[in-house]
Amino acid sequence: MSAGGEARSVREIGEFGLIAALRAALPAAVAEGPALAVGIGDDAAVWRPTAGEALVVTADGLVEGVHFRLDPGWTDWRSLGHKALAVNLSDLAAMGAVARLATVTLGLRGTERVADLTALYAGVGALAERAGVLIAGGDIVASPAALGIHVTAIGETRGGRVLRRAGAQPGDVVAVSGTLGASAAGLRLLQDGAAGPRGGAATASALIDAHLRPEPRLALGGMLLAGGATAAMDLSDGLLGDLPKLLAASGTGARLDAAALPVAAAVRALFPDEWLELATRGGEDYELLFTVPPEAFAALRRDADEFGATLTAIGEIAEWRAEEPVLVMRGLGGVEAPVRAGAFDHFR
Ligand SMILES: [Mg+2]
């Protein structure tokens, strides 16, 4: 395709021209591989899974105006492609699965520039290549009201095993990877705009990056499975939205310590009155929340350390009885109180 063609719109280049351009935007190692007998371009892909393993399947979509905006200064197309795949790989990471392949369905108005969509695919492709994931195909559909990027990702079990939300035991450590609240802080900075009160902060771009380019913790998920974690999930809806789901699945309660939460200094500094809210209810951290017996946690933390990842204990799993609060948090003042489970509700 000529360079001049890149300036054309989807409508001008047509569906088949677009598919060719998108495929060309993927690294070779992502569009083809020994396990992919038939890739992009046929009616369906044919892929050979590893003998003896079960498949782990997840789907997650990003919709314009709901999950991202295309206004200037918001996201770039490459980051959008990265994120659409990252949120899916994060679900596979939370299961302790090995990510293998993904399909991408684009809902388009038709007025999009081909160059923007190949940039989106370059973002998908770069993460896929790093994660060892094949892009096996997808679909392109008309979506007149809003752009949509819908990904289905497939992984494999490790030795037939996965990590689930159910399995936490009283006495287990509750822990998270990385830090909490950076993505929500970045979203606030985007909403405020560059002219906002914190727009000029030196740390603003790192926080915005945390929102636009989350890193799926795939290797860590495997480490948690091998290291004896009893339950896990990824943090998409905020700690106090997601932890209650893990507790409900496990039939347990938990005690958290607000002072132990790993919150980046930049988040505390830019949001001195709101950092705890951002860290507990902000959402889109895409870190792993997990439970593990105390004796296994120390070894896991050392392994993660060597690997360059941080794990932080933030509380403990407790027995739960009907009528009792499921979740109690010791506040920054040292007083323990029941916490309202606050899930991010997609329809509210
Ligand atoms: Mg999830």
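Residues numbered from 1 in each chain as written. Predicted model: local features only at pLDDT ≥ 70, side-chain atom pairs only at ≥ 80, totals over all residues. Heavy atoms only, no water.

**As for the sheet that holds strand 10 (residues 288–292)**
Thought 1: Read from one edge of the open sheet, 7 strands run 8-10-7-11-9-12-13, paired in mixed fashion. Where the open sheet ends on each side, the last strands, each with one partner, are strand 8 (231–234) and strand 13 (336–338). If you compare each strand with its neighbour and ignore which way they point, the axes differ by 25 degrees on average.
Thought 2: With 4 bridges connecting them, strand 9 (residues 253–257) and strand 12 (residues 327–330) associate as parallel partners. Bridge assignment links L256 to a residue of strand 12, and that residue is M329.
Thought 3: Packed on one face of the sheet, helix 7 (residues 218–226) meets strand 7 (173–177), strand 10 and strand 11 (311–318) and runs near 10 degrees to strand 10. (Pairing = 2+ DSSP bridges. Helix = DSSP H or I, 4+ residues; strand = E, 2+ residues; numbered from the N terminus. Axes fitted to C-alpha atoms, helices over the stretch in contact; angles between N-to-C directions. Contact = heavy atoms within 4.5 Å.)

**Concerning the sheet that holds strand 6 (residues 148–156)**
Thought 1: Strand order in the open sheet made by the 4 strands is 3-6-4-5, with mixed pairing throughout. The open sheet has two free edges, formed respectively by strand 3 (55–63) and strand 5 (134–142), since each of these has just one partner strand. In this sheet, neighbouring strand axes are inclined to one another by 15 degrees on average, regardless of whether the strands run parallel or antiparallel.
Thought 2: As paired strands, strand 4 (residues 98–108) and strand 6 are joined by 9 bridges and run antiparallel to one another.

**Side note on the environment of A259**
Thought 1: The topology assignment puts A259 in the loop between strand 9 and helix 9 (265–270).
Thought 2: The exposure class assigned to A259 is exposed, which follows from its relative accessible area of 55%.
Thought 3: Between the C-alpha atoms of A259 and G331, which are 72 residues apart in sequence, the distance is 7.1 Å. (Buried < 20%, exposed > 50% of the residue type's maximum accessible area, 1.4 Å probe, protein only.)

**Quick notes on the coordination of the magnesium ion**
Thought 1: Protein coordination at the magnesium ion comes from D91 (OD) and D234 (OD), with a distance range of 2.0 to 2.1 Å. You can see D91 sitting in helix 3 (residues 77–94) and its partner D234 sitting in strand 8, a full 143 residues away along the chain.
Thought 2: According to the relative accessible area criterion, D234 is buried, its value standing at 3%. (Donors = N, O, S within 2.8 Å, 3.2 Å for Na, K, Ca; no water.)

**Observations regarding the packing of aromatic side chains**
Thought 1: All told, the structure shown has 1 aromatic pair when counted by the stated rule.
Thought 2: Between F290 and F297, the aromatic rings sit 6.5 Å apart at their centres with planes inclined by 40 degrees, giving tilted as the arrangement.
Thought 3: Since its relative accessible area comes to 0%, F290 is described here as buried.
Thought 4: What makes F297 buried here is its relative accessible area of 5%.
Thought 5: Between R268 and the ring centre of W275, over which it is positioned, the NZ or CZ distance is 4.3 Å. (Phe/Tyr/Trp six-rings, centres within 6.5 Å; stacked < 30°, edge-to-face > 60°. Lys NZ or Arg CZ within 6 Å of the ring centre and 35° of its normal.)

**Concerning unusual backbone geometry**
Peptide bonds are mostly trans, and most non-glycine residues show a negative phi.
Thought 1: If you check the backbone angles, E284 has positive phi at about 60 degrees while not being a glycine.
Thought 2: Relative to the helices and strands, E284 is located in the loop between helix 10 (275–281) and strand 10.
Thought 3: Here E284 falls in the buried class, since its relative accessible area comes to 18%.
Thought 4: Not every positive phi belongs to a glycine, and E323 is a case in point at roughly 85 degrees.
Thought 5: Along the chain, the position of E323 falls in the loop between strand 11 and strand 12.

**Focus: helix 8 (residues 239–250)**
Thought 1: Over its 12 residues, helix 8 runs 16 Å from end to end, which matches the ideal 16 Å to within 8%, given 1.5 Å per residue.
Thought 2: Within helix 8, 9 of the 12 residues are buried, which leaves it mostly tucked inside the rest of the structure.
Thought 3: What helix 8 keeps buried is the set L239, L240, G241, D242, L243, P244, L246, L247 and S250.
Thought 4: Once helix 8 ends, the next one or two residues include G251, with phi positive near 70 degrees. (Expected span 1.5 Å × (residues − 1).)

**Here's the deal with the domain arrangement of the protein**
Many analyses report the size of an interface as the accessible area lost when the parts associate.
Thought 1: Taken domain by domain, the protein comprises domain 1 (3–156) and domain 2 (173–338).
Thought 2: Put simply, the middle of domain 1 and the middle of domain 2, counted by C-alpha atoms, are 28 Å apart.
Thought 3: Listed as interface residues are 21 residues of domain 1 and, on the opposing side, 20 residues of domain 2.
Thought 4: Carbon and sulfur atoms supply 58% of the area that domain 1 and domain 2 bury against each other, a total of about 1700 Å² over both sides.
Thought 5: Of all residues in domain 1, the largest losses of buried area upon contact with domain 2 belong to W74, K83 and A94, amounting jointly to 32% of the total for that side.
Thought 6: Inspection of the region where domain 1 meets domain 2 yields 2 salt bridges.
Thought 7: Here E284 ties to K83 by a salt bridge, and the two come within 3.1 Å at their closest N and O atoms.
Thought 8: The interface formed by domain 1 and domain 2 holds 6 residue pairs in polar contact (both at pLDDT 80 or more) in total.
Thought 9: Among the secondary structure elements, those contributing two or more residues to the side of domain 1 that touches domain 2 are helix 3 and helix 4 (114–131).
Thought 10: Broken down by element, the side of domain 1 that touches domain 2 gets its largest block of residues, 12 residues, from helix 3. (Domains from an automatic or database assignment. Buried area = accessible area lost by both parts, 1.4 Å probe. Salt bridge = Lys/Arg side-chain N within 4 Å of Asp/Glu carboxyl O. Polar contact = N/O pair within 3.5 Å; in protein donor to acceptor, adjacent residues only side chain to side chain.)

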